[in-house]
Amino acid sequence: MLPDKKWLYILIVLFGIFHNVSGNTSDSAKQQPTENKFSDHVDEFIMHHIGDDYKWQIVGETYLYLPVIVFNLETKEFAVFSSKILNDGSYKGYLLSHGKLERPDGATFIDISITKNVVALFFSAFLLVLIFVSIARSYGKREGKAPKGLQSFLEPVIFFVRDDITRPVIGEKKYEQYLPY
């Protein structure tokens, strides 16, 4: 087996395993009863954890309740409150139904809440800024020396962006001034 195709074979095997676990099996396999209760609910389990929500499950029954921010288009007012209030019922006419914010009276509103996916995006952006600022400082301190630590791990990624994305797209003359972005 060739080394460069090793990952392709691994991906094919993993796809086959997860394809069968998620319930997408052939007709002959669907006729056989399954003993694994977990595999019957994999889709539901995964969607519960990656779907957007107004609370973030930390461990067990421990949740981080996120802020709900809505703008009522009829009254032209903002409402800001914790999503914990919605678990117990409704608040200021807003109700949480099947993970979606609703108004039973039919009033229109704009939901600009900080949900689980928004928090994950903020965390990812913060982490990336932290990593790349530390790498930039490392380049400044170790100028002309071989990379070390996190810098040596991510240097191929940085060179890929420079050589295969920025330079061909922007052009040879202007790519350096836009590369830091």
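Predicted, not measured: the structure shown is a model, and the values here were computed from it. (Residues numbered from 1 in each chain as written. Predicted model: local features only at pLDDT ≥ 70, side-chain atom pairs only at ≥ 80, totals over all residues. Heavy atoms only, no water.)

**Q** Is there a simple way to explain the pattern of salt bridges in this structure?
**A** Once their charged atoms are close, side chains differing in charge can pair, the charge on each being opposite to the other. The full count for this structure, using the stated rule, is four salt bridges. Two residues, aspartate 105 and arginine 103, come together in a salt bridge whose shortest N-O distance is 2.7 Å. One salt bridge connects arginine 162 with aspartate 163, and the closest N-O pair in it is separated by 2.7 Å. Salt bridges sharing common partners tie together Arg162, Asp163, Arg167 and Glu172. (Salt bridge = Lys/Arg side-chain N within 4 Å of Asp/Glu carboxyl O.)

**Q** It is not clear to me how helix H6 (residues 116–141) should be interpreted in this structure. Could you clarify?
**A** Counting along an α-helix, one turn takes 3.6 residues, and residues three or four places apart therefore face a common direction. Taking 1.5 Å as the rise per residue, H6 with 26 residues should run 38 Å; its terminal C-alpha atoms sit 38 Å apart, in good agreement. Those residues of H6 hidden inside the fold are in contact with helix H4 (42–50), strand E1 (55–59) and helix H7 (150–170). (Helix = DSSP H or I, 4+ residues; strand = E, 2+ residues; numbered from the N terminus. Expected span 1.5 Å × (residues − 1). Contact = heavy atoms within 4.5 Å.)

**Q** For this particular structure, what's the right way to read the sheet that holds strand E7 (residues 100–102)?
**A** Strand pairing in a sheet is mediated by backbone hydrogen bonds. Such pairs are either parallel or antiparallel. Pairing is antiparallel in the open sheet, where three strands are placed in the order E5-E6-E7. Across the chains shown, the open sheet's two edge strands, defined by having one partner strand only, are strand E5 (90–91) and E7. In this structure, strand E6 (residues 94–97) lies alongside E7, joined through three bridges in antiparallel fashion. Residue pairing in the sheet places leucine 96 in a bridge with leucine 101 of E7. (Pairing = 2+ DSSP bridges.)

**Q** Please clarify how the packing of H6 against H7 should be interpreted in this entry.
**A** For any two helices packed against each other, one specifies the inter-axial angle together with the distance between the axes. Where H6 contacts H7, the axes come no closer than 10 Å and their chain directions differ by 100 degrees. With respect to H7, the axis of H6 lies roughly perpendicular. Residues Ile131, Phe132, Ser134, Ile135, Ser138 and Tyr139 of H6 touch H7, and the partners they reach there are Leu150, Gln151, Leu154, Glu155 and Ile158. Split into classes, the residues belonging to the contact of H6 with H7 amount to seven nonpolar, three polar and one charged. (Axes fitted to C-alpha atoms, helices over the stretch in contact; angles between N-to-C directions. Parallel < 35°, antiparallel > 145°, perpendicular 65-115°, else oblique. Nonpolar A, V, L, I, M, F, W, Y, C, P; charged D, E, K, R; others polar.)

**Q** Can you help me understand H7 in this one?
**A** Spanning 21 residues, H7 covers 28 Å between terminal C-alpha atoms, matching the ideal 30 Å at 1.5 Å per step. Proline 156 marks where H7 bends most, by close to 30 degrees. Listing the buried residues of H7 in full gives Gln151, Leu154, Glu155 and Thr166. Following H7 by one or two positions, glycine 171 has its phi on the positive side, about 115 degrees. (Bend = angle between axes of the 7 residues up to and from the residue. Buried < 20%, exposed > 50% of the residue type's maximum accessible area, 1.4 Å probe, protein only.)

**Q** Looking at this model, I keep getting lost on the pairing of strand E4 (residues 77–82). Mind explaining?
**A** Regular strands show a simple pattern: their side chains alternate between the two faces of the sheet. Two elements, strand E3 (residues 67–72) and E4, share six bridges in a ladder whose sense is antiparallel. For isoleucine 69, the partnering residue across the bridge sits in E4 and is valine 80. In textbook terms, the turn of a hairpin is the stretch between consecutive antiparallel strands, and for E3 and E4 this stretch comprises four residues, one of which, lysine 76, has a positive phi near 55 degrees.

**Q** What am I meant to see in a nonpolar patch on the surface here?
**A** A cluster of nonpolar side chains, namely Val157, Phe160, Val161, Ile165, Val169, Ile170, Tyr178, Leu179 and Tyr181, defines an oily patch on the protein surface of about 880 Å² accessible area. By residue number, the principal contributor to the nonpolar patch is H7, which donates six residues. Secondary-structure assignment places isoleucine 165 in helix H7. Take isoleucine 165: its relative accessible area is 38%, and that puts it in the partly exposed class. (Patch = residues over 30% accessible without salt bridge, like charges linked within 9 Å, V, L, I, M, F, W, Y side chains within 5 Å. Areas by Shrake-Rupley, 256 points an atom, 1.4 Å probe, with all protein chains shown as cover.)

**Q** What exactly am I supposed to notice about the nonpolar core here?
**A** Counting eight residues, the largest nonpolar core consists of Tyr54, Val68, Val70, Ala79, Phe81, Leu86, Tyr94 and Leu101. Elements represented by at least two residues in this core include exactly E3 and E4. For phenylalanine 81, the residues in contact, after removing those within four places along its chain, are Leu66, Pro67, Val68, Val70, Leu86, Tyr91 and Tyr94. (Core = buried A, V, L, I, M, F, W, Y, C linked by side-chain atoms within 4.5 Å.)

**Q** So what exactly am I meant to see when it comes to the pairing of E1 here?
**A** Here E1 runs beside strand E2 (residues 62–65); their pairing, made up of four bridges, is antiparallel. Among the inter-strand pairings, lysine 55 is bridged to a residue of E2, identified as tyrosine 65. Hairpin connection, E1 to E2: the antiparallel pair is bridged by two residues, and glycine 60 has positive phi, about 60 degrees.

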